[in-house]
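Okay, here's what each chain looks like letter by letter:
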Amino acid sequence: MRNFIERMRELGRVEEIERPCSTVYEAPRMASRTDKILFFHDLDGHRAVMNLLSSRGALAAALGVEEKDLVRHLAAMTYSGRVVDDGRLEGGVPADLSRLPIMKHFPGDAGRYITSGIVFSRYNGVENASIHRMMVLDDHRVVARLVEGRHTHTLLKAALARGEKLPVAVTIGTHPLVTFAACTRVPEGKEFAYAAELMGGELALRECENGVRVPDAEIVLEGYITAEMAPEGPFVDITGTYDPVRQQHIIEFEKMYCKEDPIYHGILPAGDEHKLLMGAPYEPKIYRAVAEVTTVRDVLLTKGGAGYLHAVIQIRKNTQGDAKNAIMAAFAAHTSLKHVVVVDEDIDIHDPHDVEYAIATRVRGDTDIMIVTGVRGSSLDPTRLADGTNVKVGVDATMVMGREDEFKRAEWP
Ligand SMILES: C=C(C)CCOP(=O)(O)O
Ligand SMILES: [Mn+2]
């Protein structure tokens, strides 16, 4: 992470905050007003960064590609990087969360939340990595939101069924591409290989005392997810609304490992970094799925759609029904997706006005809108029903094939 910050410094993308700042609302509010990296030198006495990866430009820079090639580049990945064994993680001390500048973000949040913690777990030979929001209970315990049916939850269930706890190590302050890999729903056990591939081919891992392996990080918290539960939330998540209280599992930390003068990383809920990390990993997945049914050009999860619920897909139609097939492929690739608009190649998917123009001139409400009811939607969408189902809408905003001349915008020679 330090190398990445240094590179962003050279690009003029880091704002140094030398004055003392508070972890309660002040730092989160400052992060909401810029997409530059904020480097706090005194966040309640500690060093911390926010907005580490808060623009597509930053992600492209981290990957060493042009922004316009981002989705195509990611869609070509094969989850095939190499993991290098770097021995044991040394220097652990008893866990003490009071030594970290953990923030309270919004007034109605139930407490302080770790928002960038990657939960690495290992059970029965299967390893997983994913971010979970974690509400602090005391100096060594948090309660974590584990979405049912996802990998961490599945591994936990397997451990609990055998009367065991799930060994985990939570890292804070990793290279942003490692974080990006952890935010991607890869096939089971492929997170390290994907992170290594994104990083250029290799990723070194160290093993904690409980057997869990972790990449380089500013802070590592080692412990177990237990059978014990506690109320978690309310918490402002990706939509900027309060996600309600649920009973969730408690993580008990026994040890922590810190670099010298560690740099804590806080992700602002519903901020640009959160949107990028939660949404952008689905763009290549949707790209690949749509490529199976037609010629796909580009995919974007829009900021207005909370970076997570709305997709715009640019295709070149080969047959008249292609846009509808693309809609179905997208919903299958990202089950939390709610609304999707499919456009032609002449529409700039990064320009909301252009997308609206396509909707205005290429959509007939009776034939071009697909409504799917009773499907699994995002647990974070305020319109979901209690059973988790929701309604999805697909909009075919492409020209009718064979009648292109009637839809094409006039141009000067
Ligand atoms: C941050 C959370 C709770 C992940 C949301 O996952 P989803 O319900 O699958 O959209
Ligand atoms: Mn996984």
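This one's a predicted model, so the numbers in the text were calculated from it and none came from an experiment.

Taken together, the side chains of Ile-369, Ile-371 and Val-391 present a nonpolar region at the surface, about 240 Å² in accessible area. Mapped onto the secondary structure, Ile-371 falls in strand E22 (residues 369–376).

Further remarks concern helix H9 (residues 282–291). Residues Tyr-282, Glu-283, Pro-284, Ile-286, Tyr-287 and Val-290 constitute the buried set of H9. Those residues of H9 that are buried are in contact with helix H3 (56–63), helix H4 (70–75), helix H8 (272–279), strand E19 (295–301), strand E20 (310–316) and helix H10 (322–333).

What follows covers the domain arrangement of the chain. According to the domain assignment, the chain contains domain 1 (2–276) and domain 2 (281–407). Summarising the inter-unit geometry, the C-alpha centres of domain 1 and domain 2 are found 30 Å apart. The contact between domain 1 and domain 2 buries some 2,000 Å² in all, and 53% of this surface belongs to carbon and sulfur atoms. Our count for the domain 1 to domain 2 interface comes out at two salt bridges. For the salt bridge of Arg-56 with Glu-283, the shortest nitrogen-to-oxygen distance reads 2.6 Å. At the surface where domain 1 touches domain 2, the tally comes to six residue pairs in polar contact (both at pLDDT 80 or more). Of all the elements in the fold, those that place two or more residues in the side of domain 1 that touches domain 2 are H4 and H8. Element by element, the count of residues in the side of domain 1 that touches domain 2 is highest for H4, at four residues. For the side of domain 1 that touches domain 2, a count of residues per class yields eleven nonpolar, three polar and eleven charged.

Of the pockets and cavities examined, the largest pocket occupies roughly 760 Å³. What lines the largest pocket is a set of 33 residues, among which Ile-131, His-132, Val-147, Arg-150 and Met-278 lie closest to the centre. Looking at the lining of the largest pocket, the elements with two or more residues in it are strand E8 (126–131), helix H5 (151–161) and H8. For the lining of the largest pocket, the leading source of residues is E8, giving four residues.

Neighbouring residues of ligand 1: Arg-145, Val-147, Arg-150, Asp-237, Tyr-308, Ser-336, Arg-376, Ser-378, Ser-379 and Leu-380. Tyr-308 is positioned such that a nitrogen or oxygen atom in its side chain is 2.7 Å from an oxygen atom of ligand 1. At a separation of 2.6 Å, an oxygen atom of ligand 1 approaches a polar side-chain atom of Ser-336. Burial of ligand 1 by the protein amounts to 91% of the accessible area it has alone, namely 320 Å². Partitioned by chemical class, the residues of the shell around ligand 1 number three nonpolar, three polar and four charged. Here the shell around ligand 1 gathers at least three residues from each of two domains, domain 1 (2–276) and domain 2 (281–407).

What follows is about the sheet that holds strand E4 (residues 82–88). The pairing of strands in a sheet comes from backbone hydrogen bonds and takes either a parallel or an antiparallel form. Spatially, E4-E12-E13 is the arrangement adopted by the three strands of the open sheet, whose pairing is mixed. The outermost strands of the open sheet, each flanked by one partner alone, are E4 and strand E13 (213–214). Of the pairings in the sheet, the one linking strand E12 (residues 202–207) to E13 comprises two bridges and is antiparallel in character. Following the sheet pairing, Glu-207 is matched in E13 by Arg-213. Packed on one face of the sheet, helix H7 (residues 191–198) meets E4, E12 and E13 and runs near 135° to E12.

Under the counting rule described, the total for this entry stands at 31 salt bridges. Across the pair Arg-2 and Glu-218 runs a salt bridge whose closest N-O atoms are separated by 2.7 Å. Taken as a pair, Arg-2 in helix H1 (residues 2–10) and Glu-218 in the loop between E13 and strand E14 (219–232) lie far apart in primary sequence, 216 residues in all. Linking Arg-297 and Glu-345 is a salt bridge whose minimum nitrogen-to-oxygen distance equals 2.7 Å. Within this pair, whereas Arg-297 is found in strand E19, its partner Glu-345 is found in the loop between strand E21 (339–343) and helix H11 (352–362), the two being separated by 48 residues in sequence. For Arg-297, a relative accessible area of 30% translates into the label partly exposed. Each member of the salt-bridge network shares a partner with another, and the members are Arg-133, Glu-232, Asp-237, Asp-243 and Arg-246.

Coordination of the manganese ion (ligand 2) by the protein involves Asn-128 (OD1), His-151 (ND1) and Glu-191 (OE), with metal-donor separations of 2.0 to 2.2 Å. Each donor residue of the manganese ion (ligand 2) belongs to the same chain, with the gaps between them written as N-x22-H-x39-E. You can see Asn-128 sitting in strand E8 and its partner His-151 sitting in helix H5, a full 23 residues away along the chain. Overall, Asn-128 belongs to the buried group, its relative accessible area being 3%.

Time to look at the environment of Met-401. Within the element layout of this structure, Met-401 appears in the loop between strand E23 (389–396) and helix H12 (404–407). Sequence separation of Met-401 and Arg-384 is 17 residues, and the distance between their C-alpha atoms is 36 Å. Not counting the four nearest positions on each side in its chain, Met-401 is found in contact with Lys-317, Asn-318, Thr-319 and Gln-320.

Time to look at the sheet that holds E22. Overall, mixed pairing links the five strands, which are arranged E19-E20-E21-E23-E22 in an open sheet. Each edge of the open sheet carries a strand with a single partner, namely E19 and E22. Neighbour-to-neighbour, the strand axes of this sheet turn through a mean angle of 20°, independent of strand direction. Bridge count for E22 against E23 is six bridges, and the pairing is antiparallel. Paired with Met-370 across the two strands is Gly-394, which belongs to E23. Together, E19 and E20 form the strand contacts of H9, whose direction differs from that of E19 by roughly 155°.

The rules behind the values
- One numbering rule holds for all chains: residues counted from 1, following each sequence as written.
- As they are written, the chains are lettered A onward and the ligands numbered 1 onward, keeping that order.
- Since the coordinates come from a predicted model, pLDDT governs what is reported: local features require at least 70, and pairs of side-chain atoms require 80 or more to be given and counted, while whole-chain, interface and lining totals use all residues.
- Water and hydrogen atoms were dropped before computing side-chain values, which therefore reflect all heavy atoms in the structure.
- Within this analysis, patches are made of residues with over 30% relative accessible area and no salt bridge. Like charges are joined at 9 Å or less; nonpolar side chains (Val, Leu, Ile, Met, Phe, Trp, Tyr) at 5 Å or less.
- For the accessible areas, the method is Shrake-Rupley and the probe is 1.4 Å, while residue cover comes only from the protein chains on display.
- Just to be clear on terms, a salt bridge is a Lys or Arg side-chain nitrogen sitting within 4 Å of an Asp or Glu carboxyl oxygen.
- Numbering of helices and strands runs from the N terminus; a helix is a DSSP stretch of H or I covering at least four residues, while a strand is a stretch of E covering at least two.
- Using a 1.4 Å probe on the protein chains alone, a residue whose accessible area is under 20% of its type maximum counts as buried, one over 50% counts as exposed, and one in between counts as partly exposed.
- Every residue pair with non-hydrogen atoms within 4.5 Å of one another is taken to be in contact.
- Each domain's limits were defined by an automated method or a database of domain assignments.
- In short, buried area is how much 1.4 Å probe accessible area vanishes from two parts on joining, totalled over both.
- Here a polar contact is recorded for every N or O atom pair within 3.5 Å, except that within protein the pair must consist of a potential hydrogen donor and a potential acceptor, and residues adjacent in sequence are included only if both atoms are side-chain atoms.
- Ten residue types, Ala, Val, Leu, Ile, Met, Phe, Trp, Tyr, Cys and Pro, are classed as nonpolar, four, Asp, Glu, Lys and Arg, as charged, and the remainder, Gly among them, as polar.
- Here the term cavity refers to a set of points on a 1 Å grid, laid over the protein atoms alone, in which a 1.4 Å probe fits but cannot get out; the term pocket refers to an open set having protein on both sides within 12 Å along at least five of seven lines, with lining residues being those that place an atom within 4 Å of a point.
- Grid points are joined across faces, edges and corners, and a volume is the space filled by probe spheres set on the points.
- Nearness is defined per residue: one heavy atom within 4 Å of the molecule or strand is enough.
- Strands qualify as paired when DSSP identifies two bridges or more between them.
- Note on method: axes are straight lines fitted to C-alpha atoms, helices fitted across the in-contact stretch only, with angles between N-to-C directions ranging 0 to 180 degrees.
- Water is not among the atoms examined, so metal sites may look incomplete; donors are the N, O and S atoms within 2.8 Å of the metal, or within 3.2 Å for Na, K and Ca.

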